[in-house]
Amino acid sequence: MRLVLLFIGFVLLSGCKEEKKSIEGAKKSMPERAALSRDSQIFLGNRLFSEKTCITCHDINKKKIGPSIKEIMKVYKAKNGDIFAFLKGNAQPIVDTTASQVAIMQANINGFLKGITDEELKTISTYMLHVDELNPDQ
């Protein structure tokens, strides 16, 4: 009886080790996802811009509660600003720097953009950088 229990214990331990190895092997062989194309980043960024409610305050062409995306990017491009760093909360605002606007935007960054990945934030930035190319006549 002891011999049978010992044999069963040995088989179980061996099986667990093999299963663990196969799981580790599967993780190593899993290819990384390819980088998104510029068009895919713009498309996803546009969607996230709406989903994260940025569109509530920022229209493409005209001022709403905050400046338009085109106006924001005009200033960022002229001053060589980093919109990604600003949206991440790592840079000071360079557009409409009145205390009330800064407070609103900071609250939005801390609220709506909390938990967003760097990759998603990059797509929003890419969308904003190219919005004038997508809507040239407006």
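Quantities reported herein were computed from a predicted structural model and do not represent experimental measurements. (Residues numbered from 1 in each chain as written. Predicted model: local features only at pLDDT ≥ 70, side-chain atom pairs only at ≥ 80, totals over all residues. Heavy atoms only, no water.)

Below, the discussion takes up the overall build of the protein. For the protein, the count of helices and strands is six helices and zero strands. Along the protein, from the amino end to the carboxyl end, the secondary structure elements read α-α-α-α-α-α. For the protein, buried positions account for 29% of its 138 residues. Partitioning the contacts of the protein with sequence separation of at least 6, the portion at a separation of at least 24 is 56%. Entry remark: accessible area of the protein is about 9800 Å², with carbon and sulfur atoms responsible for 60%. (Helix = DSSP H or I, 4+ residues; strand = E, 2+ residues; numbered from the N terminus. Buried < 20%, exposed > 50% of the residue type's maximum accessible area, 1.4 Å probe, protein only. Contact = heavy atoms within 4.5 Å. Areas by Shrake-Rupley, 256 points an atom, 1.4 Å probe, with all protein chains shown as cover.)

Attention shifts here to the packing of helix α3 (residues 69-78) against helix α6 (residues 118-134). As a packed pair, α3 and α6 sit with axes 9 Å apart at the nearest point and diverge in direction by 105 degrees. In terms of axis orientation, α3 runs roughly perpendicular to α6. Contact residues: Ile-69, Lys-70, Ile-72, Met-73 and Lys-77 in α3; Tyr-127, Met-128, Leu-129, Val-131 and Asp-132 in α6. Residues belonging to the contact of α3 with α6 are distributed by class as follows: seven nonpolar, no polar and three charged. (Axes fitted to C-alpha atoms, helices over the stretch in contact; angles between N-to-C directions. Parallel < 35°, antiparallel > 145°, perpendicular 65-115°, else oblique. Nonpolar A, V, L, I, M, F, W, Y, C, P; charged D, E, K, R; others polar.)

With that out of the way, let us pick up the side chain of His-58. By the element assignment, His-58 lies in the loop between α2 (38-51) and α3. Only 2.6 Å separates the side chain of His-58 from the backbone oxygen of Pro-67, close enough to count as a polar contact. Residues contacting His-58, with those up to four places away along its chain left out, are Phe-49, Lys-64, Gly-66, Pro-67, Ile-69, Ile-72 and Met-105. (Polar contact = N/O pair within 3.5 Å; in protein donor to acceptor, adjacent residues only side chain to side chain.)

Taking 1.5 Å per residue as the helical rise, α2 with its 14 residues ought to reach 20 Å, and the 20 Å between its terminal C-alpha atoms agrees with that figure. For α2, the complete set of buried residues consists of Gln-41, Ile-42, Gly-45, Leu-48 and Phe-49. Each buried residue of α2 sits inside an arc of 130 degrees when the element is viewed along its axis, so together they form one side. Exposed and oriented more than 90 degrees from the buried face of α2 are Asp-39 and Phe-43. Elements that come into contact with the buried residues of α2 comprise α3 and α6. With its phi angle positive at about 65 degrees, Thr-53 sits one or two positions after the end of α2. (Expected span 1.5 Å × (residues − 1). Arc of directions from axis to C-beta.)

Geometry of a packed helix pair, given as the angle between the helix axes and the separation of the axes. At a minimum axis distance of 7 Å, the contact between α2 and α6 shows a crossing angle of 100 degrees. It follows that α2 is roughly perpendicular to α6 by the angle criterion. Listed contacts from α6 to Arg-38, Gln-41, Ile-42, Leu-44, Gly-45, Asn-46, Leu-48 and Phe-49 of α2 are Glu-120, Lys-122, Thr-123, Ile-124, Thr-126, Tyr-127, Met-128, His-130, Glu-133 and Leu-134. Grouping the amino acids of the contact of α2 with α6 by side-chain chemistry returns eight nonpolar, six polar and four charged.

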